Amino acid sequence: MTGFSVFARKEASEILRTWRLWVLPGILAFFALTGPPLARYTPQIVQAVAGNQLAGFTVPEPTYLDSYAQWAKNLTQIALFALVIIYGGLVSAESRSGTAVLVLTKPVSRSAFVLGKALVNAGFVAVLVVGGTLVTWGLTAAFFGTAPGSGLWGSALVWLVLAVQFIALMTLLSVLIGSAAGAAGAGLGVYVLLSIASIWKPLARYSPAGLPTQATALAAGTEASALWPVVTSLVLSVLLVAAAALAFRRKEL
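The numbers attached to residues start from 1 for each chain and follow its sequence in the written order. Per-residue local features are limited, in this predicted model, to residues with pLDDT of at least 70; the limit for side-chain atom pairs, both in listing and counting, is 80 or more; totals at the level of whole chains, interfaces and linings are taken over all residues. The basis for the side-chain values is all heavy atoms of the structure; hydrogens and waters are excluded.

K.L.:
Would you mind going over the packing of helix H7 (residues 150–176) against helix H11 (residues 227–250) with me for this structure?
P.N.:
Geometry of a packed helix pair, given as the angle between the helix axes and the separation of the axes. Helix axes use the C-alpha atoms of the stretch in contact, all axes being lines fitted to C-alpha atoms, and the angles between their N-to-C directions lie in the range 0 to 180 degrees. Here a strand is any run of E in DSSP of at least two residues, a helix any run of H or I of at least four, and the numbering for each starts at the N terminus. Two numbers describe how H7 lies on H11: the axes approach to 8 Å, and their chain directions differ by 20 degrees. Here H7 lies roughly parallel to H11, going by the angle between them. H11 is crossed by H7, and the crossing has left-handed handedness. Between H7 and H11, the residues in contact are Val158, Val161, Val164, Gln165, Ala168, Leu169, Thr171, Leu172, Val175 and Leu176 and Val230, Ser233, Leu234, Leu236, Ser237, Leu240, Val241, Ala243, Ala244, Ala247 and Phe248, respectively. Each residue gets one label: Ala, Val, Leu, Ile, Met, Phe, Trp, Tyr, Cys and Pro are nonpolar, Asp, Glu, Lys and Arg are charged, and the others, such as Gly, are polar. Tallied by class, the residues present in the contact of H7 with H11 amount to 17 nonpolar, four polar and no charged. These descriptions rest on fixed angle ranges, namely under 35 degrees for roughly parallel, over 145 for roughly antiparallel, 65 to 115 for roughly perpendicular, and the rest for oblique. The handedness criterion is simple: a crossing whose near helix is rotated anticlockwise from the far helix by less than a right angle is left-handed, and one whose near helix is rotated clockwise is right-handed. By the convention used here, residues are in contact when the closest approach between their heavy atoms is within 4.5 Å.

K.L.:
Honestly, the pattern of salt bridges in this entry has me stumped. Any pointers?
P.N.:
A pair is scored as a salt bridge if a Lys or Arg side-chain nitrogen falls within 4 Å of a carboxyl oxygen belonging to Asp or Glu. This model, assessed by the stated rule, comprises five salt bridges. Here glutamate 11 ties to lysine 10 by a salt bridge, and the two come within 4.0 Å at their closest N and O atoms. Between buried and exposed lies partly exposed: a residue is buried under 20% and exposed over 50% of the maximum accessible area for its type, with that area taken using a 1.4 Å probe on protein chains only. Accessibility expressed as a relative area gives 0% for glutamate 11, which makes it buried. Overall, lysine 10 belongs to the partly exposed group, its relative accessible area being 24%.

K.L.:
I would appreciate a short explanation of the packing of aromatic side chains in the present structure.
P.N.:
Given two aromatic rings, their pairing is described by the distance between the two centres and the angle made by the two planes. We call Phe, Tyr and Trp rings a pair once their centres come within 6.5 Å, taking the six-membered ring for Trp, and we label the pair stacked below 30 degrees between planes, edge-to-face above 60, and tilted otherwise. If you walk through the whole model with that rule in mind, you get eight aromatic pairs. Residues phenylalanine 81 and tyrosine 191 carry aromatic rings whose centres are separated by 5.1 Å and whose planes lie at 90 degrees to one another, so their mutual orientation is edge-to-face. Taken together, the positions of phenylalanine 81 in helix H3 (residues 64–86) and tyrosine 191 in helix H8 (residues 180–197) put the pair 110 residues apart, joining distant regions of the chain. Seen from their ring centres, phenylalanine 113 and phenylalanine 248 are 5.1 Å apart, and the 15 degrees between their planes marks the pair as stacked. Highlighted residues: phenylalanine 113 in helix H6 (residues 110–144) and phenylalanine 248 in helix H11, separated in sequence by 135 residues. Residue classification places phenylalanine 113 among the buried positions, given a relative accessible area of 0%. Here the aromatic cluster, defined as three or more aromatic residues joined through ring pairs, consists of Phe81, Phe166 and Tyr191.

K.L.:
Help me understand the packing of H6 against H11 in this model?
P.N.:
Look at H6 against H11: their axes get within 8 Å of each other, and the N-to-C directions meet at 140 degrees. Looking at the two axes, H6 sits oblique to H11. Judged by the twist between their axes, the crossing of H6 over H11 is right-handed. Residues Arg110, Ser111, Phe113, Val114, Leu115 and Ala118 of H6 form the contact with H11, whose participating residues are Val241, Ala244, Ala245, Phe248 and Arg249.

K.L.:
Please clarify how the confidence of the model for the chain should be interpreted in this entry.
P.N.:
Caution applies to low-pLDDT regions: their predicted coordinates should not be interpreted in detail. Each residue gets a pLDDT score, which is the predictor's confidence in that residue and runs from 0 to 100. Here the chain averages 89 in pLDDT, and 92% of its residues register 70 or above. Looking over the chain, one finds the lowest element-wise mean pLDDT in helix H5 (residues 99–104), namely 74, and the highest in H7, namely 96.

K.L.:
Can you help me understand the nonpolar core in this one?
P.N.:
The tendency in soluble globular proteins is for nonpolar side chains to be buried side by side. Remark: nonpolar core denotes a set of buried residues (Ala, Val, Leu, Ile, Met, Phe, Trp, Tyr, Cys) joined through side-chain atoms within 4.5 Å. The biggest cluster of nonpolar side chains holds 65 residues, and the ones touching the most others in it are Leu83, Tyr87, Phe113, Val125, Trp159 and Phe166. Of the residues forming this core, the biggest block, 16 residues, is contributed by H7. The contact partners of valine 125, leaving out residues within four places of it in the chain, are Leu24, Leu83, Tyr87, Trp159, Leu160, Ala163 and Ile167.

K.L.:
Where do I start with the layout of surface pockets in this structure?
P.N.:
If a probe as big as a water molecule is rolled over the atoms, it shows which places are left empty. A pocket, in this scheme, is an open set of points on a 1 Å grid over the protein atoms alone with protein on both sides within 12 Å along at least 5 of 7 lines, while a cavity is a set where a 1.4 Å probe fits but cannot get out; residues line either one if an atom lies within 4 Å of a point. Grid points are joined across faces, edges and corners, and a volume is the space filled by probe spheres set on the points. Space inside the second largest pocket adds up to approximately 160 Å³. Of all elements in the fold, only H3, H8 and helix H10 (211–219) reach the threshold of two or more residues within the lining of the second largest pocket. A per-element tally of the lining of the second largest pocket places H3 first, with four residues. Its residues placed into classes, the lining of the second largest pocket shows five nonpolar, six polar and one charged.

Below, the structure written as structure tokens:
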């Protein structure tokens, strides 16, 4: 793990100086700022758009849970897709450009290179999720007059575990697949497979496949049991990063 702290600082400064500073934060900020007002005024929007076509049909009065559900839905779908695409070239981009070779000529081990990539970017996503959840929580309280925090924060933390797992997965895929587009496509394929696997209740209850469902359930205020999906996801994340480090040590640059 030689040079881990030095490389981690380099990776953090690189995030602040490149497009990655704006893309995912911009997406999450948009959802956090628009979700609560959209949830609050959905009935009025529907009635204004539909006009007399919905005569006699009553749209249920929205609650703060609708705002929370909107945030969870955006995280588990669009935000996760964006994360997979953004991190498709997490390692391969530096390998192709020759930056990795330059970094590894200094006292930075290959394991430190991979672990630094995974941990720094996981921390970056954690900061974004906490910030977006705070904005959602505050705006929900402003628009609905009440905003109990347990369901919202529980949902956000469960999604963060899922996001960390996919960062670990993309770290491995970007080592194994030289193309960022190829790695992103493989990552999206894994997401689709997890979604299909969650249909089988034992997998949804005890494996990472259940994380999106559990995050949505917590946001909606319904009963959820996320312990086993969270534990298995964290274990899998560690194994994926370890596999990425092993593969990168054997990779010819």
